[in-house]
Amino acid sequence: MAMATSAPSSSIKPFFPPFFSSSNPSSSSQSSLLSFLRSTASTSASISLKLTSSSSNSIPRSFSINAALKTALETSQSSVSNFQNDAVSSELKPTILVSEKLGDAGLKVLRGFGNVECCYDLSQEQLCEKISECDALIVRSGTKVTRQVFEAAKGKLKVVGRAGVGIDNVDLQAATEFGCLVVNAPTANTVAAAEHGIALLTAMARNVAQADASMKAGKWLRSKYVGVSLVGKTLAVMGFGKVGTEVARRAKGLGMNVIAHDPYAPADRARAIGVELVSFDEALASADFVSLHMPLTPTTDKIFNDETFAKMKKGVRIINVARGGVIDEDALVRALDSGIVAQAALDVFTQEPPAKDSKLVQHENVTVTPHLGASTKEAQEGVAIEIAEAVVGALQGELSATAVNAPMVPPDVLSELAPYVVLAEKLGRLAVQLVSGGSGIKSVKVIYRSARDPDDLDTRILRAMITKGIIEPISASYVNLVNADFTAKQKGLRISEERVVVDSSPEFPVDSIQVQIYNVDSKFASAVSENGEISIEGKVKYGTPHLTCVGSFRVDVSVEGNLILCRQIDQPGMIGKVGNILGEHNVNVSFMTVGRTLRRNQAIMAIGVDEEPNKDALKEIGNVSAIEEFVFLKL
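Residues numbered from 1 in each chain as written. Predicted model: local features only at pLDDT ≥ 70, side-chain atom pairs only at ≥ 80, totals over all residues. Heavy atoms only, no water.

Please give an account of unusual backbone geometry that cites residues and values.
Negative phi characterises most residues that are not glycine, and trans characterises most peptide bonds. Following Glu-352, the chain continues into Pro-353 via a peptide bond in cis, with omega recorded as -5°. As for its position among the elements, Pro-353 is in the loop between β14 (341-346) and α15 (359-362). One non-glycine residue, Lys-302, adopts positive backbone phi at about 55°. For Asn-586, which is not glycine, the phi dihedral falls at a positive 60°. The topology assignment puts Asn-586 in the loop between α20 (574-584) and β25 (589-596). (Helix = DSSP H or I, 4+ residues; strand = E, 2+ residues; numbered from the N terminus.)

Structure (structure tokens):
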């Protein structure tokens, strides 16, 4: 080869015998070249290489390569073949896009199953461009998976995995419409969040953050930062789920008296760790410290407000490692300034990150951290593995217990049951709002009346929607056909079913659905039947869900908008009195119906309203002398 490089601008060009055209080598296919090499090697022919130079006085030289290159050529062919097979295999594997940082253990699980592409800090436009090539998407809280993302996926996206609990950044409705399963990782960060709650509790009690900042500013203020002891103090755990339970265990170890409020917490689990379940108001009135572990739902949005703080002990201390939106932050500032709340320790905020000039963040009696509840190495790895396994399982067609939206329902079944599905969820939502007290819901019975044979009526989706209606208003759980039974069991909720054959038209799958809740107190006594359980019943009329029975009272109410139920003495003028009160407060009435037991005895007036009446309007209704009790229900 020294000869080839001795001349300036020299090059090596292959010289092919006449049976292999080289007039356009660049267009020759790989397979043709390999075929030629095989044939040459097998005939003891030589391959000639001619060396040429751009120099005009250079003499062309040539030499031969013996057919001994056969082994090398065949090895090259094998390598090319293997490369092609690997490429085909890679194309058959699902593509998983990871749009935010995920622990290495989770990535290892994913790479063992599919082609993983990690692309962080994508804009919405970039995400929409890439998503049409992906079978799965894994996000944390920063990536917004909007309707536009599902539209851009064009049906290829099969599963979205949220590495964490909350899924506020995923459009669940759009995911369901496009047939995409959404899964999350609700358990792996439980201990980390509980530990952070305890860390904030103790740091706040002893002014650790403030004292640290003071010393770093060159000050020595021992008398200013006198703390409070935890031993013997009462801690109210608001939300007794996984994290709340772990916080309670640790607080008991610190010598605190722990009470809890949660309508679904099993009493036996609370008793096992020495925790007393109480009502919401009792928890507020008794607590020296309040630790928040409730989800952010329409029911809990800003549930800690001026009115709530006014019910607390003066000097109470508040910890929040759950969701920022459960606290009205302006009201908390007022409570801190007035001394009702002595201190607060917050890891979460309504807006994250909060404004730099936030009065709450800058308040001297507030300790803050930037949403660190799940930020431990162990929790991050646990979440990564949990979400990776859930996504892989979903791609393999398994039904995950952490699924948070409904799978696709066969069109014929959905078409027939559609209005009953709506009715079932509404009945569940109504029933749970009629429950009062801190004991929680443990036992629910659903009775389906139908002219069809029980074997011809598949009630799984109806039971799932009743479960959804009961659990979702006061829980972070998302309930569907996939996870309804799992979620109910997790909440300690036992749902039994009974099918009753009635003489009605078999054309309709269900004549009526009755929901009964046992062993609970009711905030509306008229909803309690003679047997002692809360009982409501509904039907579908003209394609629209209706409430037809409350306790022993027959009513006829379309379940839409909001509802006021009043038990009253049956006498003239009642509809007018209540209607006038609502009108004076600019509340529009959509309908009014009255169901009674006996003439001039007792009656239930059901009033549909478009807006939620304010407290003054509800107070005036309650002050009407003939009204014995009333309740406002959100539908």
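Picking up where we left off.
So what's going on with the pattern of salt bridges? Residues and values would help.
Here the structure, examined in full by the defined rule, presents 24 salt bridges. A salt bridge links Asp-288 to Lys-313; the nearest nitrogen and oxygen atoms lie 3.0 Å apart. Taken together, the residues span a long stretch of sequence, with Asp-288 in the loop between α12 (280-286) and β12 (289-292) and Lys-313 in the loop between α13 (306-310) and β13 (316-320) at a distance of 25 residues. On the basis of relative accessible area, Lys-313 is assigned to the partly exposed category, the value being 36%. Between Asp-511 and Lys-539 there is a salt bridge, and its shortest N-O distance comes to 3.8 Å. (Salt bridge = Lys/Arg side-chain N within 4 Å of Asp/Glu carboxyl O. Buried < 20%, exposed > 50% of the residue type's maximum accessible area, 1.4 Å probe, protein only.)

Any chance you could break down the sheet that holds β12 for me, citing the residues and the numbers?
If you trace the seven strands from one edge of the open sheet to the other, you get β11-β10-β9-β12-β13-β14-β15, paired in parallel fashion. The strands lining the two open edges of the sheet, one partner per strand, are β11 (276-277) and β15 (366-368). Direction of pairing for β12 relative to β13: parallel, over a ladder of four bridges. Residue Ser-291 lies in a different strand from β13, and its bridge partner there is Ile-319. (Pairing = 2+ DSSP bridges.)

Explain the packing of helix α8 (residues 190-205) against helix α10 (residues 242-253) to me, using residue names and the numbers behind them.
Where α8 meets α10, the axes come as close as 8 Å, and the angle between the chain directions of the two elements is 50°. Here α8 is positioned oblique relative to α10, judged by the angle of their axes. The handedness of the crossing between α8 and α10 comes out as right-handed. Of α10, the residues touching α8 (which contributes Thr-190, Val-191, Ala-193, Ala-194, Glu-195 and Ile-198) are Lys-242, Val-243, Glu-246, Val-247, Arg-250 and Ala-251. Tallied by class, residues from the contact of α8 with α10 come to seven nonpolar, one polar and four charged. (Axes fitted to C-alpha atoms, helices over the stretch in contact; angles between N-to-C directions. Parallel < 35°, antiparallel > 145°, perpendicular 65-115°, else oblique. Left-handed = near helix turned anticlockwise from the far one by under 90°. Contact = heavy atoms within 4.5 Å. Nonpolar A, V, L, I, M, F, W, Y, C, P; charged D, E, K, R; others polar.)

So what about the confidence of the model for the protein? Which residues, and what values?
Averaged over all residues, the pLDDT of the protein equals 84, while 83% of them reach at least 70. Confidence over residues 49-60 falls short of pLDDT 50; this stretch has 25 contacts with residues more than four positions distant or in other chains. (pLDDT = per-residue confidence, 0-100.)

Run through the packing of aromatic side chains, naming residues and quoting values.
Throughout the structure, instances matching the rule amount to one aromatic pair. Judged by centre distance (5.9 Å) and plane angle (55°), the rings of Phe-280 and Phe-304 are tilted. Taken together, the positions of Phe-280 in helix α12 and Phe-304 in the loop between β12 and α13 put the pair 24 residues apart, joining distant regions of the chain. One exposure class covers both Phe-280 and Phe-304, and it is buried. (Phe/Tyr/Trp six-rings, centres within 6.5 Å; stacked < 30°, edge-to-face > 60°.)

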